[in-house]
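Secondary and tertiary structure notes
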Amino acid sequence: MDPRVAIFARAPIVGKVKTRLAESIGSVNALACYSSMLARTIEAVADFNSELWIEGSMEDDSWTMGLNTHSQVPGDLGSKMLDAFRDGVTLIVGADVPLLSKNHIEDAINKLEKSDLVLGPTEDGGYYLIAMRTPRTALFEDIHWGSDNVLTETLKKAQSLSVERTETLWDVDDSKDYRRWLKTIAS
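Figured I'd write up the structure that's included with this text. (Residues numbered from 1 in each chain as written. Predicted model: local features only at pLDDT ≥ 70, side-chain atom pairs only at ≥ 80, totals over all residues. Heavy atoms only, no water.)

1. So, the overall build of the protein chain
Note the threshold: Working definition: helices are DSSP H or I runs of at least four residues, strands are E runs of at least two. Numbering for both runs from the N terminus. Here the globule rule reads 2.2 Å times residues to the power 0.38, and the radius of gyration is calculated from C-alpha atoms. Categorising residues by exposure relies on relative accessible area from a 1.4 Å probe, with only protein chains included: less than 20% of the type maximum marks a residue as buried, more than 50% marks it as exposed, and the intermediate range marks it as partly exposed. Contacts were defined at the residue level, with two residues in contact if any of their heavy atoms lie within 4.5 Å. For every accessible area listed, the method is Shrake-Rupley and the probe measures 1.4 Å; residues are considered covered only by the protein chains on display. Positive charges are assigned to Lys and Arg, negative charges to Asp and Glu, while His and the chain termini are left out of the count. For the purpose of locating charges, the reference atoms are NZ of Lys, CZ of Arg, CG of Asp and CD of Glu.
Summing up its helical and strand segments, the protein chain has six helices and seven strands in all. What you see in the protein chain, going N to C, is helices and strands ordered as β-α-α-β-β-α-β-α-β-β-α-β-α. In terms of overall dimensions, the protein chain is globule-like: its C-alpha atoms have a radius of gyration of 16 Å, near the 16 Å expected for 187 residues. Principal-axis analysis of the C-alpha atoms places the extent of the protein chain at approximately 45 × 35 × 30 Å. Counting only residues that meet the buried cut, the protein chain has 49% of its 187 residues in that class. Residue pairs at least 24 apart in sequence account for 64% of intrachain contacts in the protein chain once pairs closer than 6 positions are excluded. Per element, the accessible surface of the protein chain, about 9,200 Å² overall, is 45% carbon and sulfur. Separation between the mean location of the 20 positive side-chain charges and that of the 29 negative ones in the protein chain comes to 4 Å.

If you want it as structure tokens, here you go:
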């Protein structure tokens, strides 16, 4: 299996990324943080058949580091992810998970060999990674995206499937996460 790995990202434009974080640290700092995490995510998937699924303008694509790009469809996050899976993507990761590594991707791909669904949970109740071989529409419908119940709601919809999880990681959403990220890059 040569899985397609998609990074779900927003075009790194000031005022368009990490808007909740920008409320506390400013939009320029939020952009710098996001751009740094996105570059690390691109590095983490570099050894795989990887691509970027982008929300926003693609006028300047220098930041894509040569990856194939796709535009995300309009709608909520579930609609966007389902579209990518229907296009043949096997695994989706977010672009704001500082500790995401190649090992997490490999672990998910290995687990997918014997499972219907693989999820990489985040500490805040969501997930940073989702992998499946067959698109499952129900997993993306009626989910309260952005809430702390995303993982729980997804697992409830996946009760009839074999599900594996990867290591729980954290993502950067607010000023507390930002300070944690600053400590991570300083070490």
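2. Quick notes on the nonpolar core
Rules: Residue types Ala, Val, Leu, Ile, Met, Phe, Trp, Tyr and Cys, when buried and joined through side-chain atoms within 4.5 Å, form a set referred to as a nonpolar core.
If you look at the biggest cluster of nonpolar residues, it comprises 30 residues, and the most contacted ones within it are Ile7, Leu38, Leu52, Leu91, Val93, Ile105 and Leu129. Of all the elements in the fold, those that place two or more residues in this core are strand E1 (4–10), helix H2 (27–44), strand E2 (49–55), strand E4 (91–94), helix H4 (102–112) and strand E6 (127–132). The element best represented in this core is H2, accounting for five residues. One finds Phe85, Leu117, Leu119 and Leu151 within the second-largest nonpolar core, a separate group that totals 22 residues.

3. Here's the deal with unusual backbone geometry
Note: most residues except glycine have negative phi, and most peptide bonds are trans. Unlike most non-glycine residues, Lys18 shows phi in positive territory, near 50°. Position of Lys18 among the secondary structure elements: in the loop between E1 and helix H1 (19–25). Among the residues examined, Lys18 registers a relative accessible area of 13% and is labelled buried. Located in the positive-phi region is Met65, a residue other than glycine, with phi close to 55°. Tracing the backbone through its elements, the reader meets Met65 in the loop between E2 and strand E3 (68–71).

4. Overview of the pairing of strand E5 (residues 117–121)
The cut-off we apply is this: In short, DSSP must find at least two bridges between two strands for them to pair.
In terms of burial, E5 is a largely internal element, five of the five residues being buried. Going residue by residue along E5, you find Leu117, Leu119 and Pro121 tucked away on one face and Val118 and Gly120 tucked away on the opposite face as well. The sheet contact formed by E5 and E6 spans five bridges and is antiparallel. Looking at the pairing, Val118 lines up with Ala131 of E6. Counted along the chain from E5 to the antiparallel partner E6, the turn is five residues long, and its residue Gly125 has a positive phi close to 95°. Pairing analysis gives three bridges linking E5 to strand E7 (residues 163–165), with the strands arranged parallel. Directly across from Val118, in E7, lies its bridge partner Glu164.

5. Quick word on a nonpolar patch on the surface
What counts, and what does not: For patches, a residue must show more than 30% relative accessible area and have no salt bridge; joins then use 9 Å for like charges and 5 Å for nonpolar side chains, namely Val, Leu, Ile, Met, Phe, Trp and Tyr. For salt bridges, the criterion is a side-chain nitrogen of Lys or Arg within 4 Å of an Asp or Glu carboxyl oxygen.
Together, Ile13, Val14 and Val28 make up an exposed nonpolar region whose accessible area comes to about 250 Å². With respect to the helices, strands and loops of the structure, Val28 is situated in helix H2. For Val28, a relative accessible area of 60% corresponds to the exposed category.

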